[in-house]
Amino acid sequence: MPTPKPDTTTDLILIRHGETAWNRELRFQGHADVPLNDIGHEQARRLGLRLAGETVVQHILSSDLMRAQQTAAPAASQLSLPVVTSAGLREQFFGVVEGMRSDEIQSLHPRAWEEWLEFREDHAMPEGETAREFHTRIIAALGSIAAAHKGQHLIVVTHGGVLDMVWRTARGLSLSGPRQSDIPNAGFNRIRIADAARPDDIEIVEWADTRHLADLPPQPTYDQTRHLKNKD
Ligand SMILES: O=C(O)[C@@H](CO)OP(=O)(O)O
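Residues numbered from 1 in each chain as written. Predicted model: local features only at pLDDT ≥ 70, side-chain atom pairs only at ≥ 80, totals over all residues. Heavy atoms only, no water.

Bringing the packing of helix 6 (residues 131-148) against helix 7 (residues 160-171) into the picture now. At a minimum axis separation of 10 Å, helix 6 and helix 7 run at an interaxial angle of 85 degrees. As the angle between them shows, helix 6 and helix 7 are arranged roughly perpendicular. Residue-level contacts link A131, F134, H135, I138, I139 and L142 of helix 6 to G161, V162, M165, V166 and T169 of helix 7. In terms of residue class, the contact of helix 6 with helix 7 is built from eight nonpolar, three polar and no charged. (Axes fitted to C-alpha atoms, helices over the stretch in contact; angles between N-to-C directions. Helix = DSSP H or I, 4+ residues; strand = E, 2+ residues; numbered from the N terminus. Parallel < 35°, antiparallel > 145°, perpendicular 65-115°, else oblique. Contact = heavy atoms within 4.5 Å. Nonpolar A, V, L, I, M, F, W, Y, C, P; charged D, E, K, R; others polar.)

The structure is reproduced here in structure tokens:
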């Protein structure tokens with residue numbers, strides 16, 4: 001009888017962290033280390049209860065930023081697993097505009113804002129990371145994770161921009177421009193990487209499921225410029 005091939009697939013439950021005050025105020029957050037607000041903590045608690053059912057999960061990974069670690073904590077406690085952090089899973093770096101709303105960027109850095117609206121892959125906010133650099137970092141991080149965890153099931157807590165890059169890569173879209181998928185705080189997404197050598201070959205299994213967040217306040221939403229206004 002032929003020996004069965006080893007399972008090289010890595011299954012990831014991908015989570016965007018819970019809400020922060022800056023998310024609600026539509027401020028560019030990037031690498032700024034902003035904690036969860038009360039809604040974010042409640043989202044993380046509910047997420048933890050939902051993830052308690054994912055007993056097949058062997059490891060929990062997280063961005064090293066506080067909002068991601070705080071979101072991972074209740075799930076880690078439910079599943080009795082440690083949280084392993086990595087700076088490679090951080091949000092896109094927005095340089096000097098971190099902490100600003102779009103109207104503030106527009107008045108303090110008008111050229112950078114105009115360029116932002118051109119949606120070029122090689123554009124960065126002043127001193128920040130371009131979409132292309134960010135994409136390269138995220139695909140490398142996914143490749144390392146998949147190589148280290150072949151045949152395993154993981155929870156990975158990260159950021160909106162990271163999920164956006166995953167969606168664009170899986171769907172073959174440009175790396176810049178208005179987001180074309182829902183990326184709610186503390187939403188549940190499931191992806192699969194079949195081969196660690198090809199981490200950009202991503203299968204999306206489930207996306208943006210928020211049934212565990214029912215009855216919580218509506219989330220801040222972005223228009224096509226991402227941070228211009230609350231649509232609610
Ligand atoms: O940096 C930000 O403002 C947002 C963009 O999506 O990311 P995060 O998911 O960390 O709130």
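Working definition: the strands of a sheet are paired by backbone hydrogen bonds and lie parallel or antiparallel to each other. Across the sheet, six strands lie side by side as 3-2-4-1-5-6; this open sheet has mixed pairing. A single partner strand is all that each edge strand has here, and the edge strands are strand 3 (83-86) and strand 6 (202-209). Neighbour-to-neighbour, the strand axes of this sheet turn through a mean angle of 20 degrees, independent of strand direction. With six bridges joining them, strand 1 (residues 10-16) and strand 5 (residues 188-193) adopt antiparallel strand pairing. Residue pairing across strands places I15 opposite F188, the latter belonging to strand 5. Sheet strands touched by helix 3 (residues 66-79): strand 1, strand 2 (59-63), strand 3 and strand 4 (153-158). Its angle to strand 2, the strand with the most contacts, is close to 170 degrees. Contacts from helix 7 reach strand 1, strand 4, strand 5 and strand 6, with the element oriented near 135 degrees to strand 6. (Pairing = 2+ DSSP bridges.)

Low-pLDDT portions of the prediction should not be read for the details of their coordinates. Of all residues in the chain, 95% have pLDDT values of 70 or greater, and the mean over the chain is 94. Contacts of residues 228-232 to residues separated by more than four positions or lying in other chains number 17 contacts, the stretch itself having pLDDT below 50. (pLDDT = per-residue confidence, 0-100.)

Around the ligand, the surrounding shell holds 16 residues, and the nearest of these are R16, N23, G30, E91 and G160. In this structure, an oxygen atom belonging to the ligand sits 2.7 Å away from a side-chain N or O atom of R16. Out of a free accessible area of 310 Å², the ligand has 100% covered by protein chains. The class makeup of the residues in the shell around the ligand is two nonpolar, eight polar and six charged. (Near = heavy atom within 4 Å. Polar contact = N/O pair within 3.5 Å; in protein donor to acceptor, adjacent residues only side chain to side chain. Areas by Shrake-Rupley, 256 points an atom, 1.4 Å probe, with all protein chains shown as cover.)

Structurally, the position occupied by I15 is in strand 1. A relative accessible area of 0% means that I15 is categorised as buried. Spatially, the C-alpha atom of I15 lies 14 Å from that of H41, the residues being 26 residues apart in sequence. Ignoring any residue separated from it by four or fewer positions in sequence, one finds I15 in contact with L47, T71, I155, V156, V157, T158, L163, A186, G187, F188 and N189. (Buried < 20%, exposed > 50% of the residue type's maximum accessible area, 1.4 Å probe, protein only.)

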